[in-house]
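Residue strings, one per chain:
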Amino acid sequence: MPEHRIPLADLLVVPKDIRIRPIDVRSLGEALALGWRDFLAAPTQLLFLGVIYPLVGLVAARAAYGGDLLPLFYPLVAGLAFVGPLAAVGIYELSRRRERGQPVSWVDALGVFRSRAIWSIAALGLLMLTLYVLWLGAAQIVYEHTLGRLEPESVGVFVHLLFTTPEGWQMIVLGNAVGLLFALATLALSVVSFPMMLDREVDWIIAMQTSVRTVMANPVPMMLWGAIVVAMLAIGCLPAFAGLAVVMPVLGHATWHLYRRAVG
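In the annotation of an unreviewed UniProt entry, the protein is listed under the name DUF2189 domain-containing protein and assigned to Azospirillum endophyticum.

Description of the pattern of salt bridges
Taken as a whole and assessed by the stated rule, the structure comprises eight salt bridges. In this structure, the salt-bridge partner of Arg100 is Asp199, at a minimum N-O distance of 4.0 Å. Of this pair, Arg100 sits in the loop between α6 (89-99) and α7 (118-144) while Asp199 sits in helix α10 (residues 193-200); the two residues are 99 residues apart in sequence, bridging distant segments of the chain. For Arg100, a relative accessible area of 49% puts it in the partly exposed group. The shortest N-O distance in the salt bridge between Arg116 and Glu201 comes to 2.8 Å. Placement of Arg116 in the loop between α6 and α7 and of Glu201 in the loop between α10 and α11 (204-217) is noted, with a sequence separation of 85 residues between them. Here the residues in one salt-bridge network are Glu99, Arg100, Asp199 and Arg260, joined through shared partners.

Looking at the UniProt feature "transmembrane region" (unreviewed entry) in the protein
Residues given the UniProt feature "transmembrane region" (unreviewed entry) here are residues 46-66, 72-92, 118-143, 171-194 and 215-235. With 86% helix and 0% strand, the stretch residues 72-92 has end C-alpha atoms that lie 30 Å from each other. Measuring from the first to the last C-alpha atom of residues 118-143 gives 37 Å, for a span that is 100% helix and 0% strand.

A short note on the nonpolar core
Counting 58 residues, the largest nonpolar core has Tyr132, Val191, Phe194, Met197 and Leu258 as the members making the most contacts within it. A per-element tally of this core places α7 first, with eleven residues. Those residues in contact with Met197 that sit more than four places away from it in its chain are Ala117, Ser120, Ile121, Leu124, Val202, Asp203, Trp204 and Ala207. Ranked by size, the runner-up nonpolar core spans eight residues in total, among them Cys237, Phe241, Leu244 and Leu251.

Structural notes on the packing of helix α8 (residues 155-164) against helix α9 (residues 166-190)
Relative to each other, α8 and α9 sit at 80°, their axes nearing to 5 Å. As judged from the angle between their axes, α8 and α9 are roughly perpendicular. Contact with α8, carried on its side by Phe158, Leu161, Leu162, Phe163 and Thr164, involves Gly168, Trp169, Met171 and Ile172 of α9 and no other residues of that element. The class makeup of the residues in the contact of α8 with α9 is seven nonpolar, two polar and no charged.

Some thoughts on the layout of surface pockets
Computed from the structure, the largest pocket encloses a volume of approximately 1000 Å³. Taken together, 39 residues form the lining of the largest pocket, with Ala78, Ala81, Val229, Val230 and Leu233 sitting closest to its centre. Elements represented by at least two residues in the lining of the largest pocket include exactly α4 (73-78), α5 (80-87), α9, α12 (219-236) and α13 (244-262). Per element, the largest residue contribution to the lining of the largest pocket is nine residues, and it comes from α9. Residues that form the lining of the largest pocket fall into these classes: 29 nonpolar, ten polar and no charged. One number sums up the size of the second largest pocket: a volume of about 390 Å³. Taken together, 19 residues make up the lining of the second largest pocket; nearest its centre are Pro71, Tyr74, Phe158, Leu162 and Met171.

Brief notes about the side chain of Asn218
Structurally, Asn218 is set in the loop between α11 and α12. Relative accessible area serves as the criterion here: at 3%, Asn218 is assigned to the buried category. Of note is the side chain of Asn218, whose polar atom sits 3.2 Å from the backbone oxygen of Arg21. The contact partners of Asn218, leaving out residues within four places of it in the chain, are Ile20, Arg21, Pro22 and Ile23.

Observations concerning the environment of Asp203
Residue placement: Asp203 occurs in the loop between α10 and α11. For Asp203 and Ala117, which are 86 residues apart along the polypeptide, the C-alpha to C-alpha distance reads 6.9 Å. In this structure, Asp203 is in contact with Ser120 and Met197, ignoring residues within four places of it in sequence. Here Ile205 takes part through its backbone nitrogen, which lies 2.9 Å from a polar atom of the side chain of Asp203.

Rules behind the numbers
- Residues numbered from 1 in each chain as written.
- Predicted model: local features only at pLDDT ≥ 70, side-chain atom pairs only at ≥ 80, totals over all residues.
- Heavy atoms only, no water.
- Salt bridge = Lys/Arg side-chain N within 4 Å of Asp/Glu carboxyl O.
- Helix = DSSP H or I, 4+ residues; strand = E, 2+ residues; numbered from the N terminus.
- Buried < 20%, exposed > 50% of the residue type's maximum accessible area, 1.4 Å probe, protein only.
- UniProt positions renumbered as here; feature names shortened; annotations may be inferred.
- Core = buried A, V, L, I, M, F, W, Y, C linked by side-chain atoms within 4.5 Å.
- Contact = heavy atoms within 4.5 Å.
- Axes fitted to C-alpha atoms, helices over the stretch in contact; angles between N-to-C directions.
- Parallel < 35°, antiparallel > 145°, perpendicular 65-115°, else oblique.
- Nonpolar A, V, L, I, M, F, W, Y, C, P; charged D, E, K, R; others polar.
- 1 Å grid on protein atoms, 1.4 Å probe; cavity = no way out; pocket = protein on both sides within 12 Å on 5 of 7 lines; lining within 4 Å.
- Points joined across faces, edges and corners; volume = space filled by probe spheres on them.
- Polar contact = N/O pair within 3.5 Å; in protein donor to acceptor, adjacent residues only side chain to side chain.

Here it is, written out as structure tokens:
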């Protein structure tokens, strides 16, 4: 029988009532400004996410410094960005309520569990968690084939070998290149999908397709947005991840407003 190939464009078809809008750099700035405004208007969401997320980071850091997980310290922390869109679902709900003129408190963030789209949110969240695990596995493979061959015995030796040996630099370059591929996949699949499921109660396939189409339609602004997210998360990790208590909610609110500008 003849082989029938389905064009990529047909796999990314979204319903006709979903219109992807062009955005520019100014749109990113406006989304961040509105995200900051929402954060100031309802700062009690720190109890929901802003405190929990840094604690997760601290636990990951403590586990990494415990011994065998040392080489995965950076991937563990950097990879948290993969599950950030899922963790911020409650923040999207707060911005959604504020946009509708409804009262907002940290308790309202739990309203996502009453959404009819909760199972679609959970399904895409599972995919994000799978990407996180795959990223950690890839990072472990990179380590074993580069710096791992030198068998560093302590934190000090590990850091010294990382920056003073060819194997260490191979690990840095190759590891970041692999991480970039995972980050691009995460950005394409999730940049607008989670807020869209909460807003329109669509299934996760349509939301994911819309997210990919949005990135394809606005490649430069979306790549810049990904860089902004990474930079803000890096800043938020200092000191001792405490800055994430502000960075994560602001990014969550800003992502909601970016979605509202990009998807009509």
